Structure formats: C-alpha cells, structure tokens
Amino acid sequence: METYDVIIIGTGAGGGTLARHLAPSGKKILLLERGDWLPREPENWLSQNVFVENRYVSEDTWYDENGKPFQPQIHYFVGGATKLYGAALYRLRTEDFGELPHHDGISPAWPISYDELEPYYTQAEQLYQVHGARGEDPTEPPSSAPYPHPAVSHEPRIQQLSDQLAAAGYHPFHAPCGILLNEADMAYSTCVRCANCDGFPCPVHAKADAEVLGVRPALEHANVTLLRNAKAVKLETNESGTAVTDVVVEHSGGTENFAGNVVVVACGAANTAKLLLASANDKHPNGLANGSDQVGRNFMFHDSVAVLALSREENPTVYQKTLGLNDFYFGSDDFEYPLGNIQMVGKSQAPMFHGEKPGETKLAPEWTLERVARHAIDFWLSTEDLPRTENRVSVDRDGKLTLSYAETNAEAKKQLYEKLHSILGKLDLNPGHLFHRFAYMKNEIPVAGCAHQAGTCRFGADPGTSVLDVDCKAHELDNLYVVDTSIFPSIGAVNPALTAMANSLRVGDRLLERLAA
C-alpha cells in the first residue's frame, strides 16, 4: 500500500488552504474529498434552483435530540462550504481571543492570542485576495499590513445608507470581501459584480474560495493528488493507539485504505467529530482522541437572523454585500454584554421567498413578492453562540449522526435585532416592515442552517478539557491534526472562514517544520 507524507481529509477553508501551503514542500500529499467538482452550469446563478430546490445541498440526513430527521444545509464539493459562502472574510476581534462575559455566560479564551495569529491573518487575506479598508471599523484589531486590495465600492443605494448611518453617529465600514474583482479595470476582472454571489456557486470562478485559491493551485504541484468522491469513514491506528496508520475510504463502490505519516482532518465541525467518534477502537473506546470526552461537544453556530427592510424607494443594488456595522459588537449604552455584528447579505430575489410559510410572507396586498424584492435592503445579524457541553454531535453504531442543540444568547440576539429596528426607524425606511428572511426555505429546524458550525474538537493546553494541543495535534495521537472550525474554543460574532484559513496556515508552518526534520 502506498504511503503518503500527508493525507488531508476535506478541501474547504481548512483543508484546501493547508494543501496549497504544503504543496511547494515537495512532500507527497493526498487530498481526500467526499464530493466532486461543483458543476459549472447555468443553474449556479438561478435562485429557484439554489434556494428553493436546494440543488447543491447534500442529501445527508441528520437527527435532532428528539430523533427527528432533518436535512443539514451543507455542501460536499471540492472547496467545501466555501463554494457557496458569502466570501465575507473578517478577522475575529482581539478581545475574542480572551475570556469574554456574555449575557448567557462566559465565552472562553483561546490558547493562543490574537497577536500570534495576526501574521497568518495577513497571509490569509493575501492568499484569498481580500478587499477592504483599514481604519473604518472601530472594533477592528491591529494589523501588520493593509488589505491587499481596495474595498469593494458601495452602489448608490448602499452608499446612501452608509452616509445616513454615519450622519446618525454610527460607524459603517466597507465589509471585507473575498472576490476576484478589479474595479479599476473591469475588462480584466474575473468578477462581474453580479447579484448571484452570496449563497450561490460562482461558475466563472470569481469567488475567493478554497477550490479556486487553495486546491487548484496545490494541484499544479506534481506531488499533490486529489481523490474525489472519496468519503473517509474511519481512521485506523497502530496497536498501541498512539498514531493513525490508515484512512479507510469509501470510493468507487468499494473500500480502500490509504496510509499517511501525518493525517489531517478538515471535514467541518460535525463531520470531523463524526469521523473521530466512528473510529473508536480498543485503545480509544469512546472515539479517537476522545479521552477528554470533548469530541463532538461544544457545537456552536452563529445565533443569526437574516432580515429585510423595505425601503420607501426602490433598491436597484446588484452586489449588495459591501457594508458592515460593529457598533454593538461589544454591547451598547443600555446593554452591557456583546450583541454582535450587522452586515449586508446578497440582494433579495423574488424566487427566494417562495416556499416560506404563508404567515412569514403575509404583507399588505400591494406588496407582491416581486415588489418586496425591488424595495428590499437585506441584513444579516450574528450574535455569538456560546459553547455548551450538552450541545453536541453524537454517532451511533450505524453511523447515524445526532445533533443536540439548544440556543444560547437569545436575549443578545433579540437586543441586536431591536437595535437594527431602531436604526432603520430613523432612516428613510419603513420601520414597520422588517421581516425575517430565510436563507433556506424548506427547513424548519434552525440548526439545519449550519454554515458557521464550529467547536466540536476544541484546541487547548489542557488534555482534560480539550481534544487538540496548541498546534492542533490530537493530545493522544502523535500524527493526527485538525484544521477546520471544529478547533474553535469560541466563535465570536463574525464569519469564521478567514480565521480557519489563518489557523490552517499557522498549523501548516508547524507541519513544514515536522516534515523537514
């Protein structure tokens, strides 16, 4: 059996980034991806196919704590979740790395500081071609370099909103966007600033995702191999249980084993936990690397709500996701605890509303869904979800994944919503017309929309309370690493992708040192 220097399981923000970082080393690297290339087809840009028919959503079935089945909103393709992400590439705030009191409890500290990750944030922003502007967001952490590309400009209606927010005493900023855009010379720009970006695949490969800027550049090196439609189902260890020897993979209708000197798991928080739990053996009876009983626990995903405000005038904006607001990230005058982040999302399109419950789209008679879409200004509110040991992924002997979850920080989410409502009431918008907008219309279980999942294999210095050490190597195994968002001790209130990318580069440096030894 062929042995690889490194096997990376998963090709998303963690795995895809790591593959590109390790590729120039010349070491023999195998990338395993359970999905295939995402098809480049007209349906990529059709909201009916993407949002109503869920064309690109996995066919997995998971179960909640009551045994009720649901379809998780996850995507299995080369590039992982980044293939359909909104490409909002934020850094966590400096304070997010320390212990932070919240309304519902304490957000725990990370075992590394912001300063330790900062150089890798800068590398990740360069690698993923982030557009932004330093100095506009008062909560932004210090940085060692400017953004590699200028901020994506606001279209007139969003510029008007930004000016109104600033005039009202707030601090709107240009959201950091990972798109391959050249506004100075659009004839040579890969991105065309279309309306079908946030939540859509990009058929012209203009989104800074882990396939386009991670996997494809890695594959330019002859030492890197990608195996698609290859689902890792178990990790086997040596007799002493101190190292992973083989990755068991379902591929081409059968099962194959691949040997690796180093094995890196990057399957996403739920599936990484599932793989480790399903790999239980005599030396690891509760699951691989699970002596702390923390594998699968502390599941987090942002306590978020998508809302639309109805502008009195039409909103002809095409690419809307250019503005953010963090004035309430750490609290407000009348609420001492953190509230979270407000940002724009992709522009509403009428087909997105079809399939919602009638009560959710019940408007005055003159407000047709098409008119709603024309007048909508769309926001995404994220409040930090707190880690709870009882919020967890578990797996039975048949491989059935159960996701037990109870909401945290609900009061903070409510307060953030009220803040937005209050702000809009002072601007040229209809304060009485602020509606919940659902990114996925067919699912009634909030936890099904798990795009920002994190926390099931937290890293830390104490083997009794964490799964991984500070270098994201399993405490109990010599050659098993994890580089996706499952390593997060806390999730903050901004999109987690850039942090996963930055940490992957950090761990990649440790692996390069190990491989060179």
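Residues numbered from 1 in each chain as written. Predicted model: local features only at pLDDT ≥ 70, side-chain atom pairs only at ≥ 80, totals over all residues. Heavy atoms only, no water.

## Re the overall build of the chain
Reasoning step 1: When you go through the chain residue by residue, the secondary structure sums to ten helices and 21 strands.
Reasoning step 2: Relative to a compact globule of 517 residues, whose C-alpha radius of gyration would be 24 Å, the chain shows 22 Å and is just as compact.
Reasoning step 3: Across its three principal directions, the C-alpha atoms of the chain cover 70 × 50 × 45 Å.
Reasoning step 4: Relative to all contacts within the chain whose residues are 6 or more apart in sequence, the contacts with residues 24 or more apart total 73%.
Reasoning step 5: With the model as given, the accessible surface of the chain reaches about 19300 Å², and the carbon-plus-sulfur share is 49%.
Reasoning step 6: In the chain, 43 side chains carry a positive charge and 67 a negative one; their mean positions are 3 Å apart. (Helix = DSSP H or I, 4+ residues; strand = E, 2+ residues; numbered from the N terminus. Rg over C-alpha atoms; globule rule 2.2 N^0.38 Å. Contact = heavy atoms within 4.5 Å. Areas by Shrake-Rupley, 256 points an atom, 1.4 Å probe, with all protein chains shown as cover. Lys, Arg positive; Asp, Glu negative; His and termini not counted. Charge placed at Lys NZ, Arg CZ, Asp CG, Glu CD.)

## Quick look at the nonpolar core
Reasoning step 1: If you look at the biggest cluster of nonpolar residues, it comprises 104 residues, and the most contacted ones within it are Ile 9, Leu 235 and Leu 480.
Reasoning step 2: The element that contributes the greatest number of residues to this core is helix α10 (residues 497-516), accounting for nine residues.
Reasoning step 3: When residues no more than four places from it in sequence are discounted, the contact partners of Ile 9 are Leu 32, Ala 232, Leu 235, Val 247, Val 263, Val 264, Val 265, Ala 266, Cys 267 and Leu 275.
Reasoning step 4: By size, the runner-up hydrophobic cluster in this structure holds 24 residues, among which are Leu 165, Val 307, Leu 339 and Ala 412. (Core = buried A, V, L, I, M, F, W, Y, C linked by side-chain atoms within 4.5 Å. Buried < 20%, exposed > 50% of the residue type's maximum accessible area, 1.4 Å probe, protein only.)

## Concerning unusual backbone geometry
Reasoning step 1: Even without being glycine, Ala 289 reaches a positive phi, approximately 65°.
Reasoning step 2: With respect to the helices, strands and loops of the structure, Ala 289 is situated in the loop between α6 (269-278) and β14 (303-311).
Reasoning step 3: Unlike most non-glycine residues, Asn 298 shows phi in positive territory, near 65°.
Reasoning step 4: Its location among the elements puts Asn 298 in the loop between α6 and β14.

## A few points about the sheet that holds strand β3 (residues 62-64)
Reasoning step 1: A sheet is described by the order of its strands in space; here four strands give the open sequence β4-β3-β19-β18, paired in mixed fashion. Strand pairing shows two members of the sheet lacking a second neighbour, β4 (69-70) and β18 (392-395), which therefore form its edges.
Reasoning step 2: Sheet analysis places β3 next to β4, joined by two bridges and oriented antiparallel. Looking across to β4, one finds that Trp 62 is bridged to Phe 70. (Pairing = 2+ DSSP bridges.)

## A few points about the side chain of Asn 326
Reasoning step 1: Looking at where Asn 326 falls in the secondary structure, it is placed in the loop between β15 (323-325) and β16 (341-344).
Reasoning step 2: A distance of 2.8 Å separates the side chain of Asn 326 from the side chain of Asn 341, its partner in a polar contact.
Reasoning step 3: Not counting residues up to four positions away in its chain, the partners in contact with Asn 326 are Arg 93, Asp 137, Thr 139, Phe 173, Gly 340, Asn 341 and Ile 342. (Polar contact = N/O pair within 3.5 Å; in protein donor to acceptor, adjacent residues only side chain to side chain.)

## A word on the pairing of strand β17 (residues 376-383)
Reasoning step 1: Taken across its eight residues, β17 has seven buried, putting it largely inside the fold.
Reasoning step 2: Looking at chain direction, β14 and β17 are connected through eight bridges and run antiparallel. Across the sheet, the residue bridging to Leu 308 is Asp 378, located in β17.
Reasoning step 3: In terms of strand pairing, β16 meets β17 through four bridges, oriented antiparallel. Across the sheet, residue Ile 342 finds its bridge partner in β17, namely Leu 381.

## Comments concerning the pairing of strand β11 (residues 231-237)
Reasoning step 1: In terms of strand pairing, β11 meets strand β12 (residues 244-251) through six bridges, oriented antiparallel. When the sheet's bridge partners are listed, Thr 237 is paired in β12 with Val 244.

## Some details on the packing of helix α1 (residues 15-22) against α10
Reasoning step 1: Following both chains from N to C, one finds α1 and α10 inclined at 40°, their axes separated by 9 Å at the closest point. Viewed along their axes, α1 and α10 adopt a mutual orientation that is oblique. Crossing geometry of α1 relative to α10 is assigned as right-handed. Residues Thr 17, Leu 18, His 21 and Leu 22 of α1 touch α10, and the partners they reach there are Met 501, Ser 504, Leu 505, Gly 508, Asp 509, Leu 511 and Leu 512.
Reasoning step 2: In the contact of α1 with α10, the residues fall into six nonpolar, four polar and one charged. (Axes fitted to C-alpha atoms, helices over the stretch in contact; angles between N-to-C directions. Parallel < 35°, antiparallel > 145°, perpendicular 65-115°, else oblique. Left-handed = near helix turned anticlockwise from the far one by under 90°. Nonpolar A, V, L, I, M, F, W, Y, C, P; charged D, E, K, R; others polar.)

## Thoughts on the pattern of salt bridges
Reasoning step 1: Evaluated as defined, the whole model comprises 21 salt bridges.
Reasoning step 2: Notably, a salt bridge pairs Asp 471 with Arg 506, separated by 4.0 Å at the nearest N-O pair. On the criterion of sequence distance, the pair formed by Asp 471 in the loop between β20 (429-437) and β21 (480-482) and Arg 506 in helix α10 is long-range, its members being 35 residues apart.
Reasoning step 3: A relative accessible area of 29% places Asp 471 in the partly exposed class. (Salt bridge = Lys/Arg side-chain N within 4 Å of Asp/Glu carboxyl O.)

## Considering the confidence of the model for the chain
Reasoning step 1: Scored by pLDDT, the chain comes out at a mean of 92, with 93% of its residues at no less than 70.
Reasoning step 2: Counting contacts from residues 355-359, a segment whose pLDDT is below 50, to residues more than four positions away or on other chains yields five contacts. (pLDDT = per-residue confidence, 0-100.)

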